[in-house]
Amino acid sequence: MFKMFVFHFANPFLSLKIGDDKFDKMASVHMKLISVITAGGYLLNPMFIEYRTATNSLYAQYSASRGKKALNISQRSGKTISVNQLVKNIKNFISLKEGIIKNKYRVGTPEYEEIYPIGKSEYNKATKKNIIKLFKRFIDSLSVHKADFDAALLAEAQALYDNLMQAMSAQSGKKGEVKDTTSGTKELRRQLAVQLYKNMLVLLLINAENPEKVKDYFDESFIKHAAKVTQTVEQPVNN
């Protein structure tokens, strides 16, 4: 007999296959609809008022977390653009400075091969994963022969390297913040879904003689969607 009630026991708000925007809208509409319930009347009304307070608190936390997540994602995108531009600048720098280096060392000489062991193509094809290693080697090679070049050349290269390291560090940090806020938002949504379920159960008790009234406190389109999702998962019960 228990299997007959599995569907009714399932929390429909946890199984909702909707994005955070729609979930947020559903929760906010619910809070607006339940705002008219007062502590008077049915014995369980005071308990529901407490649940409503808890719902408002969780919703505020959830909304704030979503806002922080959106900001972090936006800032991460900005950091990524900065890193990509610096990588491009470094590749251009190495390519342009080849002419200066050629004036000192002919192609094929040990000094030239030390700076461009596979030619410019190695640097042009560099990715964000290996550009730091390749550019560090480039700078170290220039440092060995710094007496043959203007000091400004090495200083410019070092400044580009330092800027890239700082930008990549900032990008990495922002990726971590996005991951943390995404995880936090997901957990707050789960907690809010559980609270919405508690609200529904108490509303059912309050309206036990007229359970259809409960739908007046929820956006029914989301509930119907959740029911369809659950029904496809549950196996039919044979009488």
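Look a little higher up for the structure.
Here's a quick rundown of the structure. (Residues numbered from 1 in each chain as written. Predicted model: local features only at pLDDT ≥ 70, side-chain atom pairs only at ≥ 80, totals over all residues. Heavy atoms only, no water.)

1. What about the overall build of the protein chain?
Line of reasoning, step 1. Scanning the protein chain from N- to C-terminus turns up 9 helices and 0 strands.
Line of reasoning, step 2. Counting every position in the protein chain, which comprises 239 residues, the buried fraction comes to 36%.
Line of reasoning, step 3. Counting only contacts in the protein chain whose residues sit at least 6 apart along the sequence, the fraction spanning at least 24 positions is 74%.
Line of reasoning, step 4. Accessible area of the protein chain: about 14,400 Å², with a carbon and sulfur share of 57%. (Helix = DSSP H or I, 4+ residues; strand = E, 2+ residues; numbered from the N terminus. Buried < 20%, exposed > 50% of the residue type's maximum accessible area, 1.4 Å probe, protein only. Contact = heavy atoms within 4.5 Å. Areas by Shrake-Rupley, 256 points an atom, 1.4 Å probe, with all protein chains shown as cover.)

2. Details of the pattern of salt bridges
Line of reasoning, step 1. Applying the stated criterion across every chain, the model contains 11 salt bridges.
Line of reasoning, step 2. Of the charged contacts, one joins Lys97 and Glu156 as a salt bridge, the two residues approaching to 3.9 Å between their closest N and O atoms. A residue pair is termed long-range when its members are at least 10 positions apart, and Lys97 in the loop between helix H3 (45–96) and helix H4 (98–104) and Glu156 in helix H8 (residues 151–206) qualify at 59 residues.
Line of reasoning, step 3. Residue Glu156 is classed as partly exposed on the basis of its relative accessible area of 38%.
Line of reasoning, step 4. Glu98 is paired through a salt bridge with Lys102; the nearest N and O atoms lie 3.9 Å apart. Highlighted residues: Glu98 and Lys102, both in helix H4, separated by 4 residues, approximately one helical turn.
Line of reasoning, step 5. Note on Glu98: relative accessible area 8%, which makes it buried.
Line of reasoning, step 6. If you follow the salt bridges from partner to partner, you end up with Asp21, Asp24 and Arg66 in one network. (Salt bridge = Lys/Arg side-chain N within 4 Å of Asp/Glu carboxyl O.)

3. Details of the packing of helix H2 (residues 20–34) against H3
Line of reasoning, step 1. At a closest axis distance of 11 Å, the pairing of H2 and H3 adopts a crossing angle of 150 degrees. Here H3 runs roughly antiparallel to H2, going by the angle between their axes. When you trace H2 past H3, the crossing you get is left-handed. Contact with H2, carried on its side by Asp20, Asp21, Phe23, Asp24, Ala27, Ser28, Met31 and Ile34, involves Phe48, Arg52, Thr55, Asn56, Tyr59, Tyr62, Ser63, Arg66 and Lys69 of H3 and no other residues of that element. (Axes fitted to C-alpha atoms, helices over the stretch in contact; angles between N-to-C directions. Parallel < 35°, antiparallel > 145°, perpendicular 65-115°, else oblique. Left-handed = near helix turned anticlockwise from the far one by under 90°.)

4. Remarks on the packing of aromatic side chains
Line of reasoning, step 1. Scanning the entire structure with this criterion turns up 11 aromatic pairs.
Line of reasoning, step 2. Taking the centre distance of 6.3 Å and the plane angle of 80 degrees together, the rings of Phe93 and Phe135 count as edge-to-face. Of this pair, Phe93 sits in helix H3 while Phe135 sits in helix H7 (residues 131–144), placing them 42 residues apart in sequence. For the pair formed by Phe93 and Phe135, the shared burial category is buried.
Line of reasoning, step 3. Of the aromatic side chains, those joined through ring pairs into one cluster are Phe93, Tyr112, Tyr116, Tyr123, Phe135, Phe138 and Tyr161. (Phe/Tyr/Trp six-rings, centres within 6.5 Å; stacked < 30°, edge-to-face > 60°.)

5. Section: the side chain of Ser65
Line of reasoning, step 1. Among the structural elements, Ser65 can be located in helix H3.
Line of reasoning, step 2. The exposure class of Ser65 is buried, given its relative accessible area of 12%.
Line of reasoning, step 3. Those residues in contact with Ser65, other than ones at most four positions away along the chain, are Thr181, Gly184, Thr185 and Leu188.

6. What about the packing of H7 against H8?
Line of reasoning, step 1. Axis separation between H7 and H8 bottoms out at 10 Å; the angle between their running directions is 155 degrees. One finds that H7 runs roughly antiparallel with respect to H8. Crossing geometry of H7 relative to H8 is assigned as left-handed. The segment H7 lies against H8, with Ile131, Ile132, Phe135, Lys136, Ile139, Leu142 and Ser143 engaging Leu153, Leu154, Ala157, Gln158, Leu160, Tyr161, Leu164, Met165 and Met168.
Line of reasoning, step 2. Residues of the contact of H7 with H8, tallied by class, amount to 13 nonpolar, 2 polar and 1 charged. (Nonpolar A, V, L, I, M, F, W, Y, C, P; charged D, E, K, R; others polar.)

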